[in-house]
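Given next are the chains, with one letter for each unit.
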Amino acid sequence: MTTSATVGGGRLTECMTALVGEIRAVVDRGLPPELTAYLVGERLAPHLGDGELLTADQREGDPERYRQHVLHAESDGSFSVVALVWLPGQRTPVHDHVSWCVAGVHQGQESETRYRLVSDGRTAHLVETEHVVGPAGTVSAFAPPGDIHLVRNACATTAISIHVYGADVARLGTSIRRVYRLPAAEQR
């Protein structure tokens, strides 16, 4: 039986505790990463926008960079739930992930640029493949490889997203596997 390990400074709301239980039921099925991410996304979607999902402390941003609140890490390392708080203009580097991931926009709007790594055998470079704007309620799910992207808050208000990773982010400190550098002219 899987046991939980809530982390961070605050306790989970009743709504978040219920969501963690729903995620656990999916993850415990041991399905392939792509299917697990899809099914976790289905469980996350109905909770997005619920004012009872996060505490006031879990909604706090940081004026220097987007802020990560690790809300829950399953004690067996099978998944973590994180709230990311983005003040206007804040962004990630171009990166990929250590595991499957589900991201749901809880408040505000996020802008995402997706990339594909192209190699000729000697050199490699990134090619932009898609630009997606996600309003509140939007869910995206993916699994490596092919999960290279940059996320930013391009709106004038705070954005909050809930991320579920198939890894122990509390132990790792981040879900980012690798950061990719783009020429300055290509960074938005």
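Scroll up to find the structure.
These numbers were taken from a predicted model, which means no experiment stands behind them.

Reading the values: the criteria
Residues numbered from 1 in each chain as written. Predicted model: local features only at pLDDT ≥ 70, side-chain atom pairs only at ≥ 80, totals over all residues. Heavy atoms only, no water. Helix = DSSP H or I, 4+ residues; strand = E, 2+ residues; numbered from the N terminus. Contact = heavy atoms within 4.5 Å. Expected span 1.5 Å × (residues − 1). Buried < 20%, exposed > 50% of the residue type's maximum accessible area, 1.4 Å probe, protein only. Salt bridge = Lys/Arg side-chain N within 4 Å of Asp/Glu carboxyl O. Core = buried A, V, L, I, M, F, W, Y, C linked by side-chain atoms within 4.5 Å.

**Re the environment of Val-164**
Within the element layout of this structure, Val-164 appears in strand 9 (residues 159-165). Residues Val-164 and Ser-80 lie 84 residues apart in sequence; the distance between their C-alpha atoms is 5.6 Å. The residues touching Val-164, leaving out its near neighbours within four places in the chain, are Ile-23, Val-40, Phe-79, Ser-80, Val-81, Trp-100, Cys-101 and Val-102.

**Side note on helix 1 (residues 14-27)**
In a regular helix each residue adds 1.5 Å, so 14 residues correspond to 20 Å; helix 1 covers 20 Å between its end C-alpha atoms and thus fits that length. Three or more residues of helix 1 are buried, namely Cys-15, Met-16, Leu-19, Val-20, Ile-23, Arg-24, Val-26 and Val-27. Considering only its buried residues, helix 1 is in contact with helix 2 (33-44), strand 1 (67-73), strand 2 (80-86) and strand 9.

**Considering the pattern of salt bridges**
Enumeration according to the criterion identifies 6 salt bridges in this entry. With a closest N to O distance of 2.5 Å, Arg-24 and Glu-74 form a salt bridge. Taken together, the positions of Arg-24 in helix 1 and Glu-74 in the loop between strand 1 and strand 2 put the pair 50 residues apart, joining distant regions of the chain. By relative accessible area, which is 0% here, Glu-74 ends up buried. The shortest N-O distance in the salt bridge between Glu-130 and Arg-114 comes to 3.1 Å. One end of the pair, Glu-130, is in strand 6 (residues 124-135); the other, Arg-114, is in strand 5 (residues 109-119), and 16 residues separate them in sequence.

**Observations concerning the nonpolar core**
Among the nonpolar cores identified, the biggest contains 26 residues, and Met-16, Val-81 and Trp-100 are the most heavily contacted of them. Within the residue set of this core, elements represented by two or more residues are helix 1, helix 2, strand 2 and strand 9. Here this core gets 7 residues from one element, more than from any other, and that element is helix 1. Apart from the residues lying within four places of it in its own chain, the contact partners of Met-16 are Leu-53, Leu-54, Leu-71 and Val-81. Counting residues in hydrophobic clusters, the runner-up holds 12 residues, among them Val-70, Cys-101, Phe-142 and Val-151.

**Digging into the side chain of Ser-78**
Position of Ser-78 among the secondary structure elements: in the loop between strand 1 and strand 2. Since its relative accessible area comes to 18%, Ser-78 is described here as buried. The residues touching Ser-78, leaving out its near neighbours within four places in the chain, are Val-27, Trp-100, Tyr-165, Gly-166 and Ala-167.

Just distances and angles here, no functional claims.
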